[in-house]
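So the chains spell out like this:
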Amino acid sequence: MNIKEADQSYIANTYARFPVVITRGEGSRVWDEEGRCYLDLSGGIAVNTFGHSDAAWVQAVTEQLRQVQHTSNLYYTAPAARLAEALCSRTGMKKVFFSNSGAEANECAIKAARRYAAEKRGQEYYTVVTLKNSFHGRTLTTLAATGQDTFHQEFTPLTEGFVYADANNTESVRRLIEEHKCAAVLLEVVQGEGGVNALDADFVREVEALCREHDLLFMCDEVQVGNGRSGMLYGYMNYGVQPDVVTTAKGLGGGLPIGATLLGERVAGIFTPGSHGSTFGGNPVCCAGALNVLERLDEACLAGVRERSAYIFQALTGAEGVESVSGMGLMIGVKTVRPAGNVISDCMARGLLVIKAKDKVRLLPALNIPMEELKEAIGILLAVCAEKKEETV
Ligand SMILES: *Cc1c(COP(=O)(O)O)cnc(C)c1O
């Protein structure tokens, strides 16, 4: 059996994979098993913050691997402590819980919200308001938090206690808060899987104010938009708000699995020994990689993200075959005239990897992609968008 056949025979059939076996990566390029080279604007779905096999990141990770690879949370280790310290000092948050994925980071946030509301107002105040078209993960609870029916079908009963407001509609949030016994509002400032849509600034600020007014936790899911991708360290920083809870994962580890739930003043003391945990959470190797990522997300790097973003928006907006461009920083959605799926496969045939978000082409390049390579990649995308073809979807 070749690799594709073995994968199809033995791996659970949950992913529709592109027909390519990737064997190697370097910076913003990857190679397949036949030696074909691709420019990679998929970024491992916003994970590979500094591209593939980045030298400084590899060094940080391998150095830690040679020291100690895992200890369990029964002992102190430096990388987790230093990473938590750095996350708190860069965000003003007070405590961090480490896990291994975005879904787990959100699970922790939801547990924190339930405990907070139970202590302050009573056990029946557990409902979390999320937004329609959101995405918060694949566990039964984070699926319930996800405001898209298609993800729910066939997996009921889901965890109860979630209601869904219309994005960019403050009245809709207010109504739900008044109708239900709520604990928190959870939102993505840029909805990723939902189609790369940045929320309106007024709406986000009004939701924060509603949370203050009703003593609810204001929680931001920064799993995709966080860690420099928006052009600021965290996406909420573009909005002038201060969440009580921030969840992140994907790009934090730069390619290793890590999730983090950042707890602000109101919930700093919410967890007590035994109330939450994770075997691999805070793993020293993952934390060493994340610390390297975080240290390099400085002002110069973030300015570079904004500059690359401005280039992409300017190059694509109004171009032939492009209906609209959405998103923020290096998390960009392109509504194409041609069906997105066809644009993506034609890009691939020309050596460019891009992915989908709903009916859009999604771009999630490495934050440090060289301008030359970015221009080459956008050139390919523009050519494919402008093609006139008999389309089969
Ligand atoms: C990807 C994603 C998640 C889920 O993260 P996993 O690591 O796959 O569990 C949650 N929220 C958002 C906004 C995401 O983009």
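Here the structure is shown first, and the text comes after it.
Quick summary incoming for the structure in this document. Quick caveat: nothing in here was measured; it's all calculated off a predicted structure. Position numbers for residues start from 1 in each chain and track the written sequence from start to end. Note on the predicted model: pLDDT of at least 70 is required for a residue's local features to be given, and 80 or more for side-chain atom pairs to be given and counted; whole-chain, interface and lining totals, by contrast, use all residues. Based on all heavy atoms of the structure, the side-chain values leave hydrogens and waters out of the count.

## A closer look at the packing of helix α11 (residues 299-316) against helix α13 (residues 371-386)
For any two helices packed against each other, the geometry is given by the interaxial angle and the distance between the axes. Our working definition: For helices, the fitted axis covers only the stretch in contact; all axes are lines through C-alpha atoms, and the angles between them, taken along N-to-C directions, range from 0 to 180 degrees. Strands here are runs of E lasting at least two residues and helices are runs of H or I lasting at least four, both read from the DSSP assignment and numbered beginning at the N terminus. Angle categories: roughly parallel below 35 degrees, roughly antiparallel above 145, roughly perpendicular from 65 to 115, and oblique for all the rest. Should the near helix be turned anticlockwise from the far one by less than a right angle, the crossing is left-handed, and should it be turned clockwise, the crossing is right-handed. When checking whether two residues touch, look at their non-hydrogen atoms; a contact exists if any pair is within 4.5 Å.
The N-to-C vectors of α11 and α13 enclose an angle of 25°; their axes lie 11 Å apart at closest approach. Between α11 and α13, the angle is such that the two are roughly parallel. Crossing hand, α11 versus α13: right-handed. Residues Arg308, Tyr311, Ile312, Ala315 and Leu316 of α11 lie in contact with α13, whose contacting residues are Met371, Leu374, Lys375, Ile378, Leu381 and Leu382.

## Here's the deal with the layout of surface pockets
This is how the line gets drawn: Grid points spaced at 1 Å over the protein atoms alone were grouped into cavities, where a 1.4 Å probe fits but cannot get out, and pockets, open sets with protein on both sides within 12 Å along at least five of seven lines, with lining residues defined by an atom within 4 Å of a point. Grid points are joined across faces, edges and corners, and a volume is the space filled by probe spheres set on the points. Residue type decides the class: Asp, Glu, Lys and Arg count as charged, Ala, Val, Leu, Ile, Met, Phe, Trp, Tyr, Cys and Pro as nonpolar, and the leftover types, Gly among them, as polar.
Taken as a whole, the largest pocket encloses approximately 1900 Å³ of empty space. For the largest pocket, the lining is made up of 49 residues, of which Tyr15, Gly44, Ile45, Glu193 and Ile355 are closest to its centre. Those elements that place two or more of their residues in the lining of the largest pocket are α2 (43-46), α5 (102-121), α7 (149-152), α12 (340-349) and β16 (355-357). Taken together, the residues that form the lining of the largest pocket break down as 24 nonpolar, 15 polar and ten charged. Taken as a whole, the second largest pocket holds about 820 Å³ of empty space. With five residues, helix α4 (residues 78-91) is the largest single contributor of residues to the lining of the second largest pocket. Residue composition of the lining of the second largest pocket, grouped by class: 14 nonpolar, ten polar and three charged.

## Details of the packing of aromatic side chains
Rule in force here: Aromatic rings from Phe, Tyr and Trp, with only the six-membered ring used for Trp, were paired whenever their centres fell within 6.5 Å, and each pair was classed as stacked if the ring planes differed by under 30 degrees, edge-to-face if by over 60, and tilted otherwise. Counting as a charge over the ring demands two things of the Lys NZ or Arg CZ atom: a distance within 6 Å of the ring centre and an angle within 35 degrees of the ring normal.
Summed over all chains, the structure comprises one aromatic pair. Over the ring of Phe50 we find Arg296; its NZ or CZ atom is 4.2 Å from the centre of that ring.

## Regarding the packing of α12 against α13
Two numbers describe how α12 lies on α13: the axes approach to 9 Å, and their chain directions differ by 130°. Taken together, the axes of α12 and α13 are oblique relative to one another. Considering how the two elements wind past one another, α12 and α13 form a crossing that is right-handed. Mapping the contact onto sequence places Val343, Asp346 and Cys347 in α12 and Ile380, Leu381, Val384 and Cys385 in α13. Among the residues making up the contact of α12 with α13, the classes are represented as six nonpolar, no polar and one charged.

## So, the pairing of strand β5 (residues 127-131)
Here is the rule we go by: Exposed residues in this analysis have more than 50% of their type's maximum accessible area, buried residues have under 20%, and partly exposed residues fall in between, with area computed by a 1.4 Å probe over protein chains only. Any two strands are treated as partners once DSSP identifies two or more bridges connecting them.
Along β5, five of the five residues are buried, which leaves the element largely enclosed by surrounding structure. Of the two faces of β5, the one holding Thr127, Val129 and Leu131 and the one holding Val128 and Thr130 are both buried throughout. One ladder, built from three bridges, connects β5 with strand β7 (residues 182-187); its direction is parallel. Considered in β7, the bridge of Val129 is made with Val185.

## Quick notes on the state of the cysteines
Applicable threshold: In this description, a disulfide is simply a cysteine sulfur pair whose atoms lie within 2.5 Å.
Inspection of every chain in the model, using the stated rule, returns zero disulfides. Of all cysteine sulfurs, the one in Cys385 lies closest to Cys347, which takes part in no disulfide; the gap is 6.6 Å. A residue is classified by how much of its surface remains accessible, and Cys385, at 2% relative accessible area, is buried.

## Here's the deal with α13
Helical geometry note: an α-helix holds 3.6 residues per turn, so side chains three or four residues apart project in the same direction. To be explicit about the condition: By definition here, a helix of n residues has an expected span of 1.5 Å times n minus one. The directions from the helix axis to the C-beta atoms are what the arc is built from.
Its 16 residues give α13 an end-to-end C-alpha distance of 22 Å, which sits within 8% of 22 Å, the value for a rise of 1.5 Å per residue. Along α13, the positions that sit buried rather than exposed are Glu373, Leu374, Ala377, Ile378, Ile380, Leu381, Val384 and Cys385. Considered in projection along α13, the buried side chains sweep an arc of 155° and stay on one side of the axis.

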